[in-house]
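# Structure at a glance
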Amino acid sequence: MSEWLTCITCNRRYDISEIRYTCECGGLLSVERDQLPRDTSLFERRRASRKTIDSSGVWRFREAVLSVPEEQIVTHPEGSTRLYEREGLLFKHEGENPTGSFKDRGMTVAVTQAVRLGARVVACASTGNTSSSLAAYAAQAGLRAVVFVPARKVSAGKLAQTLAYGATCLQIRGDFDTAMRLVLEASKHLGIYLVNSINPFRIEGQKTIIWELLQDLEWNAPDWIVVPAGNLGNTSAFGKALREARQAGWISTTPRLASIQASGANPFYRSFRDSFTGRHRITAETIATAIRIGDPVSYDRAVAAIRYTGGVVEQVTDDEIMSAKREIDAMGIGCEPASAATLAGVHKLRASGVMRKEDRVVSVLTGHLLKDTDAIMKSHAGRSIEIEPAIEAVEKALA
Ligand code: F0G
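Okay, so let's go over this structure. (Residues numbered from 1 in each chain as written. Predicted model: local features only at pLDDT ≥ 70, side-chain atom pairs only at ≥ 80, totals over all residues. Heavy atoms only, no water.)

Turning to the overall build of the protein chain, a few remarks are in order. For the protein chain, the helix and strand inventory stands at 14 helices and 13 strands. Relative to the globule expectation of 21 Å for 399 residues, the C-alpha radius of gyration of the protein chain, 21 Å, shows essentially globular dimensions. Taken along the three principal axes of its C-alpha coordinates, the protein chain extends 70 × 50 × 50 Å. For the protein chain, the residues scored as buried account for 59% of the 399 residues in total. Once local pairs closer than 6 in sequence are excluded, the contacts in the protein chain between residues at least 24 apart make up 68%. Counting only carbon and sulfur atoms, one obtains 49% of the accessible surface of the protein chain, whose full area is about 16300 Å². Here the protein chain contributes 50 positively and 46 negatively charged side chains, and the mean placements of these two sets differ by 4 Å. (Helix = DSSP H or I, 4+ residues; strand = E, 2+ residues; numbered from the N terminus. Rg over C-alpha atoms; globule rule 2.2 N^0.38 Å. Buried < 20%, exposed > 50% of the residue type's maximum accessible area, 1.4 Å probe, protein only. Contact = heavy atoms within 4.5 Å. Areas by Shrake-Rupley, 256 points an atom, 1.4 Å probe, with all protein chains shown as cover. Lys, Arg positive; Asp, Glu negative; His and termini not counted. Charge placed at Lys NZ, Arg CZ, Asp CG, Glu CD.)

Let us look at the sheet that holds strand E9 (residues 193–194). Either a parallel or an antiparallel arrangement is found when strands of a sheet pair, and the pairing is made through backbone hydrogen bonds. The 4 strands are arranged E8-E7-E6-E9 in an open sheet whose pairing can be described as parallel. Both edges of this open sheet fall to strand E8 (168–172) and E9, since each of them pairs with a single strand only. Across 2 bridges, the pairing between strand E6 (residues 121–125) and E9 is parallel. Bridge pairing in E9 places Ala123 opposite Leu194. (Pairing = 2+ DSSP bridges.)

This part is about a nonpolar patch on the surface. Taken together, the side chains of Ile385, Ile387, Ile391, Val394 and Leu398 make up a nonpolar region of the molecular surface, amounting to roughly 500 Å² of accessible area. Note on placement: Val394 falls in helix H14 (residues 391–398). Residue classification places Val394 among the partly exposed residues on the basis of a relative accessible area of 33%. (Patch = residues over 30% accessible without salt bridge, like charges linked within 9 Å, V, L, I, M, F, W, Y side chains within 5 Å. Salt bridge = Lys/Arg side-chain N within 4 Å of Asp/Glu carboxyl O.)

Next up on the list: the sheet that holds strand E13 (residues 361–365). The mixed open sheet is built from 6 strands, whose spatial order is E4-E5-E13-E10-E11-E12. In the strand order of this sheet, the two ends are held by strand E4 (83–86) and strand E12 (312–316), each with one partner. Going from strand to strand, the sheet's axes swing by 25 degrees on average, the running direction of each strand aside. Sheet analysis places E4 next to strand E5 (residues 89–93), joined by 4 bridges and oriented antiparallel. Across the sheet, Tyr84 pairs through a bridge with Phe91, a residue of E5. Most of the contacts of helix H10 (residues 299–309) go to strand E11 (residues 256–262), to which it runs at about 135 degrees, and overall it touches E11 and E12. Against the sheet, helix H11 (residues 318–330) touches E5, E11, E12 and E13, its axis set at about 95 degrees to E12. (Axes fitted to C-alpha atoms, helices over the stretch in contact; angles between N-to-C directions.)

We now examine the pattern of salt bridges. Considering all chains together, one arrives at 30 salt bridges under this definition. Across the pair Glu285 and Arg292 runs a salt bridge, and its minimum N-O distance is 3.1 Å. Each of the salt bridges in this network shares a partner with another, and the network as a whole consists of Arg47, Arg60, Lys92, Glu94, Arg105, Glu212 and Asp216.

Okay, the environment of Gly57 next. Mapped onto the elements of the fold, Gly57 is located in the loop between helix H2 (52–55) and E4. As a C-alpha pair, Gly57 and Asp104 span 47 residues in sequence and 10 Å in three-dimensional space. The contacts of Gly57, once residues within four sequence positions are left out, are Glu78, Gly79, Ser80, Arg105, Thr208 and Glu212.

Turning next to the site of the ligand. Ser126, Thr127, Gly230, Asn231 and Thr366 are the nearest of the 20 residues found near the ligand. With respect to the ligand, the backbone of Thr127 contributes an N or O atom lying 2.8 Å from an oxygen atom. Note that an oxygen atom of the ligand is positioned 2.7 Å from one of the backbone N or O atoms of Gly230. Broken down by secondary-structure element, the contributors of at least two residues to the shell around the ligand are helix H4 (129–141) and helix H8 (233–247). Here the residues of the shell around the ligand are counted per class, giving 8 nonpolar, 10 polar and 2 charged. (Near = heavy atom within 4 Å. Polar contact = N/O pair within 3.5 Å; in protein donor to acceptor, adjacent residues only side chain to side chain. Nonpolar A, V, L, I, M, F, W, Y, C, P; charged D, E, K, R; others polar.)

Glancing now at the nonpolar core. Ranked by internal contacts, the top residues of the largest apolar core, which has 94 residues, are Leu134 and Trp211. Top contributing element to this core by residue count: helix H7 (residues 200–216), with 7 residues. Beyond its immediate chain neighbours, meaning those up to four positions away, Leu134 contacts Met107, Val111, Val122, Ala123, Cys124, Ala145, Val146, Val147 and Val195. Core analysis: the second largest hydrophobic core is formed by 33 residues, Trp224, Val226, Ala290 and Ile333 among them. (Core = buried A, V, L, I, M, F, W, Y, C linked by side-chain atoms within 4.5 Å.)

Close contact between H11 and helix H12 (residues 337–351) brings their axes to 7 Å; oriented N to C, the two are set at 100 degrees. Here H11 lies roughly perpendicular to H12, going by the angle between them. Residue-level contacts link Glu320, Ile321, Met322, Ala324, Lys325, Glu327 and Ile328 of H11 to Pro337, Ala340, Ala341, Leu343, Ala344, His347 and Lys348 of H12. A per-class count over the contact of H11 with H12 returns 9 nonpolar, 1 polar and 4 charged. (Parallel < 35°, antiparallel > 145°, perpendicular 65-115°, else oblique.)

Once that is clear, we can look at the environment of Pro77. Within the secondary structure layout, Pro77 lies in the loop between H2 and E4. A relative accessible area of 32% means that Pro77 is categorised as partly exposed. Residues Pro77 and Gly57 lie 20 residues apart in sequence; the distance between their C-alpha atoms is 7.7 Å. Excluding residues within four positions of it along the chain, Pro77 makes contact with Thr52, Ser55, Ser56 and Pro98.

To continue, consider the pairing of E12. The element E12 is largely enclosed, with a buried count of 5 among its 5 residues. Side chains Val312, Glu314 and Val316 project from E12 onto one buried face, and the interleaved Val313 and Gln315 project onto a second face that is buried too.

Here the structure, examined in full by the defined rule, presents 10 aromatic pairs. Summarising the aromatic geometry, the rings of Phe43 and Phe61 are spaced 4.8 Å apart at their centres and angled 55 degrees between planes, so their arrangement reads as tilted. Pair noted here: Phe43 is in helix H1 (residues 41–48) and Phe61 is in the loop between H2 and E4, with a separation of 18 residues, a long-range link. Owing to a relative accessible area of 0%, Phe43 belongs among the buried residues under this scheme. Judged by its relative accessible area of 0%, Phe61 is buried. When the centroid spacing of 5.8 Å and the interplanar angle of 65 degrees are considered together, the rings of Trp219 and Trp250 count as edge-to-face. Taken together, the residues Trp219 in the loop between H7 and strand E10 (224–228) and Trp250 in the loop between H8 and E11 connect sequence positions 31 residues apart. You'll find Trp219 and Trp250 in the same group, each marked buried. Site record: aromatic cluster; members linked through ring pairs are Phe43, Phe61, Trp211, Trp219 and Trp250. The ring of Trp4 carries Arg13 above its face, with NZ or CZ at 3.9 Å from the centroid. (Phe/Tyr/Trp six-rings, centres within 6.5 Å; stacked < 30°, edge-to-face > 60°. Lys NZ or Arg CZ within 6 Å of the ring centre and 35° of its normal.)

It is worth stressing that arrangement in space is one thing and function is another; only the former is reported here.
What follows is the structure in C-alpha cells.
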C-alpha cells in the first residue's frame, strides 16, 4: 500500500522516506495513503488477539497508521486504555498508556519511522510528557534521546521519568516556545531527528485515540469529543482521524471537537474567537504546565480540524481547571491538571448552551494523576496531618 507526505497548504507531495517536517512553502505535512480498510471487524479480531502488535491500540489499526514490516515496529505495546462512564459523562483515559500519557501513541510511530530512516539521535521540545515518552521509546530502540525543556517549568515527576529512561535533558532558559524554536534549529543543523507533533508520523499514531474510543462505543459516534489543547498535535490528529473514519465508512456521523485551552495559554482560543482570521502568539502562563504554550506549531492543521468537525475552542481559568481536577480525582479516576481542562470546558460549554445536557460527550484525559504531584499537594495541603503516634491524637485529627 502506498503512502506519501502531502503539504496541507499547497498540496505538494514528498516521498515518505524523505526527512522533512515542513514543505518548501513552509506548510505542515500530512501522511496520506491510497485507501483505508473498510471493514472494522478486522480491528475487533485483533483486539481479542494475544499478539503484541494486535494488542497495541495503535498498531491494531496499522493499515491506516504506517505501512512498515511488523518486525520493524517499536511498540511497548501502548493504547488499549479504558473508557470510564461517570455521572453521565465518558472519559477515555490516555494516562493509562505505558509512560502515563497519550504521547506514547504518537511516539511508537515516530520512533519506528526514526529507526526506518536510520536516525541515531532523536529529539523533542517538551513540557514533560513528550520527553518521557520519547525517552522510553528511544531506550527500547537503542537510540540516543535529547530533550529540550523549559528550565524549572516541568513537573518533578516528568523530569525524573525522562532522566530515568536515559535521555539527555537540556534545561532551556526560556519557555516551551523558545525550546521548540531551538530544537527545530538543532534538528536542521545537527542532523537530529525531530519527533515533536510537527512530525506528521506522531499525528498518525495519535489518530488511534479516536479510533479506539469509537471502537469502544461500537462505532456509534458520540456528539462531542473534548480535548485539552496546547501545541495542537492532538486537536490535529483528532480531526484527521474523524475525517478518515467518515471516509472509510467506519462511522456515519461526525462528532464535534471541543478543544479547551487554559485562559493564560489561549492563542488558539483567541484565533477561534476571531473566526480564525489571524494567528496569535502569546507568552503563556498556567498551573497546567503541560499546556503552557503560547505559539502552537500545529496551528494550521488544528484550524482544519475545528472547521471540519464544526468544532469549538473554549478557554478555562486555572481555578476552573483545578476544581474540575478535584472532581475527576474524586470519581476515583484522577488525571493531571491539563487533562482536567476537558471537564472544566464541558461545564462551561453546557452553561452557555453550546453543549446540550442530553449530548453524548467523551472527554480525553491526556495524562496520569501522578504526573504532577506538586499541583495536588498545593490544592490539598490541609488534609495531610502530622500527629503523635497516640490514639488520642488520631481521634482529635478525625474529629
Ligand atoms: N495534555 C497533556 C497531559 C499534555 O502533556 C499535552 C501536551 C497536552 C494535553 C496538549 O496536547 O500539545 O497535542 O495540544 N504536552 C506536550 C509535551 C507539549 O511536551 O508533553 P497538544
